[in-house]
Amino acid sequence: MPMNTQGRPTRIADNIATGGYAETTSGSKGLEQSEALIYERGSVEQCGVDLPEPKGTATRLGGLERKTELGMPGLSEPETMRHYVRLSRKNYAIDLGLYPLGSCTMKHNPRLNEKMARLPGFADVHPMQPASTVQGAYAVIGELAHWLMTLCGMSGVAMSPKAGAHGEFCGMMAIRAKLDADGQTHRRRVLVPESAHGTNPATAVQCGFTVDEIPADETGRVDMEAFKAKLGDDVAGIMLTNPNTCGLFERDIREIADLIHEAGGYFYCDGANFNAIVGRVRPGDLGVDAMHINLHKTFSTPHGGGGPGSGPTVLSDALAPFAPVPYVVLKDKHWELVEHEADAEGQPFGRMAAFHGQMGMFTRALTYMMSHGSDGLKQVAEDAVLNANYIQARLKHVMTPAFDGICMHEALFDDRFLKDTGVTTLDFAKAMIDEGYHPMTMYFPLVVHGAMLIEPTETESKSGLDRFIDTLEALSLAAKAGEVERFQAAPVHAPTKRLDETKAARQPVLRWTAPAAEEPIAAE
Amino acid sequence: MRYLPHTDTDRKAMLEAIGVASIDDLFTDVPEAARLDGLIDLPTKQGELQVERAMAAMSNQNVSASSVPFFVGAGAYKHHIPATVDHLIQRSEFLTAYTPYQPEISQGTLQTLFEFQTQVAQLTGMDVANASMYDGSTACAEAVMMAARVTKRDKAVMAGTVHPHYVEASKTLAKYSSVSIEVTEPELDSLDKVIAAIDENTACVVVQTPDVFGQLHDLREISRVAHEKGALVIAAFTEVVALGLTEAPGAMGADIAVGEGQSIGVGLNFGGPYVGLFACKDDRRFIRQMPGRLAGETVDADGRRGFVLTLSTREQHIRRDKATSNICTNSGLCALAFTIHMTLLGEKGFRQMAQLSHENACALADALDAVEGVDVVNDAFFNEFAVRLPGNAAEIVEKLAKVGVLGGVPASRLYPGQFEDILLVAATEVNTEADIEIFAKALGGVL
Amino acid sequence: MTTRYTEDHEWITVDGDVATVGITAYAAEQLGDVVFVELPEVGKTFKKGDEFAVVESVKAASEVYAPVDGEIVGVNDDLDGEPAKVNEDATGGGWFAKFKLADASQLEGLMDEDAYKAHIA
């Protein structure tokens with residue numbers, strides 16, 4: 001009978017060995033594509049956009065035509081797509097897996113947020129259009145402001161800060177403005193816990209204050225005796241994070257607030273950890289005078305590889321009059337923008353940035369808030385705290401929690417469980433990468449040795465948590481069993497191995513440079 | 001709730017594993033007085049359809065730039081952004097990625113930032129650029145503070161024709177520092193007053209070109225004077241597309257270039273998020289005093305090229321109270337949009353876009369100049385210029401809006417009580433001949 | 001020449017009325033790879049305990065304190081291009097600055113080598 005005899009085996013032969021990690025010619029490995037710089041791929045003659053031909057009419061540039069070379073290559077559209085899709089595949093992402101990053105609140109980024117942000121009435125409007133043509137945009141700002149003030153129990157909010165640290169700056173500027181307005185110009189000392197994130201002291205100094213550090217007690221909270229001893233009539237205020245950077249609720253917070261107020265100072269709260277209490281506790285009820293909110297943390301706006309953020313800052317009655325311009329006000333059902341200090345009712349400390357704030361993040365955050373509602377947001381805080389405690393409870397037999405007792409939305413471990421294994425917190429983190437997880441926050445806060453701060457957020461399922469817990473348990477046991485090399489070499493499965501950060505800092509190369517033209521070899 | 005994966009069974013099992021009876025047992029540290037009875041007074045959860053309706057209702061109240069003849073500039077510009085850009089920035093691996101602190105799993109972000117930094121340096125004619133700032137105004141403010149640190153002087157001079165928002169942002173950042181800022185009276189056609197204000201105590205002089213009135217300035221003379229006196233020159237810009245046709249700040253003697261990159265890749269977005277550009281000369285005094293993140297090239301353990309965030313000891317999370325700035329975030333996704341758009345354009349497309357924008361502005365200038373009583377003020381501009389009207393510009397802008405034309409920004413909106421007859425108008429490659437005709441006709445009609 | 005040590009891990013070697021100051025090998029090891037050293041200007045004067053330099057590794061920046069009162073008469077320019085010298089040769093080629101001593105008696109209060117070894121044990 002006729003047969004199609006072209007051999008096409010349908011399974012691999014038994015004697016073929018498939019182990020090993022062969023180097024390839026192209027540098028790509030299956031779906032993982034190597035990708036050079038645009039400067040090595042494109043050319044200055046290439047362009048991926050079809051623009052109409054310019055008419056070539058006379059210019060009116062006053063003799064200031066550009067003579068300096070640009071040197072920027074272009075790529076056609078298909079090549080551009082390939083370049084960025086290939087690069088994207090070298091990135092970890094929330095949509096791929098868990099980021100257990102303490103104090104970062106890497107929760108799911110809903111796509112409805114993206115759709116709403118792109119509505120033409122939000123995305124395609126200019127901030128300087130006449131007010132009558134952007135009432136809906138002002139309404140978004142006003143509505144979001146209302147949600148934030150209500151969730152926080154505060155009477156004022158500054159919407160213009162462009163990121164969390166910018167919001168910290170706003171809050172501390174309001175405090176400085178208030179103190180100066182009241183003639184309290186001798187008050188220049190700000191109390192900051194040792195465990196605070198570095199932006200806190202940096203911000204205090206930018207506002208002309210000096211920083212006085214308060215130690216933590218053995219439970220990881222503000223040492224009340226030390227705190228009381230530091231009060232004085234030169235105290236401007238305190239900057240606290242609550243829950244604090246150890247993931248613990250400051251039990252004495254009301255007493256701290258009252259004492260600071262009695263001493264003539266103000267209470268700034270770093271809102272990075274708001275996810276633990278949103279919908280359940282209002283910072284205003286804790287005595288807070290100013291708190292920045294990271295919309296990209298608690299309210300799910302995307303991290304985008306490092307930004308943009310948004311840091312609206314809620315303000316108490318005492319500080320609200322000093323809120324910066326611009327802000328929106330509703331007058332007879334019509335929204336108005338107050339842009340100049342002279343037009344403001346209070347005494348704004350100034351303008352923080354051009355235009356009116358991070359509108360693109362406002363639409364996303366408002367969409368998120370409306371989706372959850374007050375009941376959903378309360379559930380967010382509860383599930384976030386539940387998840388962190390679950391991790392702590394299930395790992396404490398093999399890893400070492402830094403403090404005894406329950407935590408809030410993040411669980412802090414130290415490196416005591418790795419003692420004498422030769423494995424450091426850094427090595428442990430890099431081994432997590434091989435297991436398909438982004439590492440947790442490491443070496444922060446500084447008050448604990450080899451800190452590992454784990455925040456799963458509420459959008460992590462129980463099965464996801466169980467898989468994560470099982471992995472960390474296995475890694476801990478492997479470290480204790482002496483498998484040092486595995487940890488010190490990690491990661492081996494990521495797109496790159498460990499990178500030489502020393503070299504990058506000693507010999508900074510911060511851009512591509514055209515290779516120098518080769519010198520002709522002199523004739524002998 | 002659709003974003004919360006736990007079932008009641010899950011929650012029960014987890015509470016058991018923790019060893020507590022209810023979720024309230026995990027909130028026992030909250031002071032009694034702060035415990036709420038029931039829900040906070042806000043609407044309860046809504047499905048996608050309801051949320052869409054509520055947001056659309058607000059969006060529909062706004063007049064979008066694409067729906068009418070549009071000539072608004074004054075610091076933000078409407079250019080055409082190819083569909084590919086928005087598609088790519090919505091990829092999960094870009095949109096939902098974190099800051100690249102773990103470089104082995106962030107090479108996508110880091111390589112695109114390295115490419116971005118190179119593009120920004122080339123555009124501005126500088127040696128190095130950072131991985132972006134929040135926006136042009138805060139980049140300008142940070143540049144002033146950097147100049148003070150580098151020169152160890154505390155007087156900054158800003159030209160009155162720098163965008164007032166940039167001036168105010170700088171004043172706010174410097175307010176409680178030892179740095180004082182002097183702003184010279186705005187001159188529409190020279191930098192003489194600014195030059196006269198520079199002395200041996202000046203840390204830096206900040207000038208904008210094209211300035212807020214759209215006027216182009218040659219910075220060579222002011223750079224010469226400033227450098228003679230030991231002061232740094234900070235060149236600001238609000239329209240990055242100008243760099244496709246007009247001289248780069250680095251070629252005119254600027255030490256630091258700061259500006260807004262929004263025109264490329266980002267879109268209007270009612271004012272934010274935008275992308276601040278920050279570039280400077282490779283002077284050894286500068287690199288370690290630069291604010292913001294920096295992506296740098298290095299190698300991995302196998303000798304392969306890779307990229308990392310570097311020179312981090314300038315930053316606040318390490319240097320704390322001695323940091324060069326308190327800035328933590330960059331404008332990540334916006335910087336990515338910028339670099340993708342710039343890659344699609346290449347220098348060929350970028351120059352073309354600049355040429356088209358300028359030609360449309362020239363056509364607009366001719367059309368408006370022809371309207372009775374209207375005069376174009378500038379003799380040299382890129383895509384934005386000032387027109388003098390026979391009436392109050394703010395009122396005229398309102399009248400134009402009522403007849404469906406977004407005809408620019410009254411200068412008095414940026415300078416309260418001044419320039420009340422001056423209107424700032426901008427054109428880009430998106431404007432058509434028909435748009436220009438409608439604008440000129442409408443202007444004639446409302447005067 | 002006498003060498004003394006401070007509790008903050010600076011060493012000071014005196015030759016006449018000029019003293020060379022740096023950080024100890026122990027300190028350099030604790031810091032990790034040094035990437036940059038910020039040195040003072042020649043001519044500046046410091047009091048004992050003042051911050052006169054900053055030594056940076058990739059992940060940290062540490063202040064370096066003047067062990068004695070004095071005026072800077074020289075700084076180690078090599079460290080600009082080769083900060084690794086601090087790790088490789090902390091007590092030799094990795095020196096930071098030369099001080100002209102204002103008060104030689106201040107040296108008496110500092111630790112000798114044995115005392116420093118006990119301090120870091």
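Residues numbered from 1 in each chain as written. Chains lettered and ligands numbered in written order. Predicted model: local features only at pLDDT ≥ 70, side-chain atom pairs only at ≥ 80, totals over all residues.

Let's talk about the overall build of chain B
We apply this condition: Every helix listed is a DSSP run of H or I at least four residues long, and every strand listed is a run of E at least two residues long, numbered separately from the N terminus. We call a residue exposed when 12 or fewer other C-beta atoms sit within 10 Å of its C-beta, buried when the count reaches 20 or more, and partly exposed for counts in between; the C-beta positions come from the backbone. For every residue pair, C-beta atoms are placed from the backbone, and the pair is scored as a contact if these atoms sit within 7 Å.
Broken down by element type, chain B carries 13 helices and 13 strands. Reported as C-alpha extents along the three principal axes, the dimensions of chain B are approximately 80 × 55 × 50 Å. Here chain B holds 447 residues, and the buried ones make up 64% of them. Within chain B, contacts between residues at least 6 apart in sequence are counted, and of these 72% link residues at least 24 apart.

Description of the overall build of chain A
Check the secondary structure of chain A and you find 14 helices and 13 strands. Projected onto its principal axes, the C-alpha positions of chain A cover 95 × 75 × 70 Å. The proportion of buried residues among the 524 residues of chain A is 57%. Long-range contacts, defined as pairs at least 24 residues apart, comprise 73% of the intrachain contacts of chain A with a sequence gap of at least 6.

Some thoughts on the domain arrangement of chain A
All names here are of chain A. To be explicit about the condition: Residue ranges assigned to the domains are those given by an automatic or database domain assignment. When residue character is reported, Ala, Val, Leu, Ile, Met, Phe, Trp, Tyr, Cys and Pro are called nonpolar, Asp, Glu, Lys and Arg charged, and the others, Gly included, polar.
The domain architecture assigned to chain A consists of domain 1 (112-369) and domain 2 (374-506). If you average the C-alpha positions of domain 1 and of domain 2, the two centres end up 30 Å apart. Taken residue by residue, the interface counts 18 residues in domain 1 and 21 residues in domain 2. Each residue belonging to the side of domain 1 that touches domain 2 can be placed in one class, and the counts come to eight nonpolar, eight polar and two charged.

Here's the deal with the domain arrangement of chain B
Residues and elements named next belong to chain B. Per the domain assignment, the segments making up chain B are domain 1 (69-81 + 346-446) and domain 2 (83-340). Each of domain 1 and domain 2 has a C-alpha centre, and the two are 27 Å apart. Secondary-structure elements contributing two or more residues to the side of domain 1 that touches domain 2 are helix H11 (332-369) and strand S11 (384-388). Looking at the side of domain 1 that touches domain 2 element by element, the count peaks at seven residues for H11. The class makeup of the residues in the side of domain 1 that touches domain 2 is 15 nonpolar, seven polar and three charged.

Some thoughts on the interface of chain A and chain B
Contact with chain A, which involves 172 residues of that partner, is made by 166 residues of chain B. When residues of the side of chain A that touches chain B are assigned to their parent elements, the largest contribution, 22 residues, is made by helix H10 (residues 359-395) of chain A. Residues belonging to the side of chain A that touches chain B are distributed by class as follows: 83 nonpolar, 56 polar and 33 charged.

Focus: the sheet that holds strand S6 (residues 256-260) of chain B
Residue and element names in this part refer to chain B. So the rule is basically this: Strands pair, by our definition, only if DSSP identifies at least two bridges between them. To get an axis, fit a line to the C-alpha atoms, keeping to the stretch in contact for a helix; angles then go from 0 to 180 degrees between the N-to-C directions.
Ordered by their spatial adjacency, seven strands build an open sheet running S1-S7-S6-S5-S4-S2-S3, and the pairing between neighbours is mixed. The sheet terminates laterally at strand S1 (128-129) and strand S3 (180-183), the two strands that pair on one side only. Summarising the sheet, strand S2 (residues 155-158) and S3 pair through four bridges and their orientation is parallel. When the bridges of S3 are listed, Val157 appears paired with Glu182. Each of S2, S3, strand S4 (202-208), strand S5 (232-237), S6 and strand S7 (276-280) touches helix H6 (residues 136-151); the most contacted strand, S6, lies at about 165° to it.

Some thoughts on the packing of helix H12 (residues 393-402) of chain B against helix H13 (residues 433-446) of chain B
Residue and element names in this part refer to chain B. Put simply, the test is: These descriptions rest on fixed angle ranges, namely under 35 degrees for roughly parallel, over 145 for roughly antiparallel, 65 to 115 for roughly perpendicular, and the rest for oblique. A clockwise turn of the near helix away from the far one marks a right-handed crossing, whereas an anticlockwise turn of less than a right angle marks a left-handed crossing.
The geometry of H12 relative to H13 is characterised by a closest axis approach of 10 Å and an angle of 120° between their N-to-C directions. With respect to each other, H12 and H13 are oriented oblique. The chirality of how H12 crosses H13 is right-handed. Between H12, through Ile396, Lys399 and Leu400, and H13, the contact on the second element is made entirely by Ala442, Leu443 and Val446.

Here's the deal with the pairing of strand S7 (residues 61-65) of chain C
Residue and element names in this part refer to chain C. Note that strand S6 (residues 51-57) and S7 share five bridges and pair antiparallel. Each bridged residue has a counterpart across the sheet, and for Val54 the counterpart in S7 is Glu63. Following S6, the chain reverses through three residues before pairing antiparallel with S7.

Re the sheet that holds strand S3 (residues 210-214) of chain A
Residues and elements named next belong to chain A. Pairing in this open sheet of seven strands is mixed, and the strands run S1-S7-S6-S5-S4-S2-S3 from one edge to the other. Unpaired on one side and paired on the other, strand S1 (156-158) and S3 mark the two borders of the sheet. Each strand of the sheet is rotated relative to its neighbour by a mean of 25°, with strand direction disregarded. Taken together, the three bridges between strand S6 (residues 290-292) and strand S7 (residues 313-315) define a ladder with antiparallel strand orientation. The partner of Ala290 across the bridge, within S7, is Leu315. Together, S1, strand S4 (235-241), strand S5 (266-270), S6 and S7 form the strand contacts of helix H6 (residues 164-181), whose direction differs from that of S6 by roughly 165°.

A look at the nonpolar core
Operational definition: Core membership is restricted to buried Ala, Val, Leu, Ile, Met, Phe, Trp, Tyr and Cys residues, and these are joined into a nonpolar core through C-beta atoms within 7 Å.
Counting residues in hydrophobic clusters, the biggest one holds 356 residues, and the most contacted among them are Val144(B), Ala147(B), Val206(B) and Ile234(B). Ranked by the residues each element gives to this core, the list is headed by H10(A), at 19 residues. What Ile234(B) contacts, discounting residues up to four positions off in sequence, is Ala143(B), Val144(B), Ala147(B), Cys204(B), Val206(B), Ala254(B), Asp255(B), Ile256(B) and Val258(B).

Things to note about unusual backbone geometry
Cis geometry marks the peptide bond from Gly307(A) to Pro308(A); its omega dihedral reads 0°. Examined against the element boundaries, Pro308(A) turns out to sit in the loop between S6 and S7. At the junction of Thr209(B) and Pro210(B), the peptide bond is cis and its omega measures out at -5° in the coordinates. Relative to the assigned elements, Pro210(B) resides in the loop between S4 and helix H9 (220-228).

Observations regarding the environment of Leu366(A)
Residues and elements named next belong to chain A. Position of Leu366 among the secondary structure elements: in helix H10. Among the residues examined, Leu366 registers 27 C-beta atoms within 10 Å and is labelled buried. Sequence separation between Leu366 and Ala117 is 249 residues; the distance between their C-alpha atoms is 9.9 Å. Excluding its chain neighbours within four sequence positions, the residues that come into contact with Leu366 are Val140, Glu143, Leu144 and Trp147.

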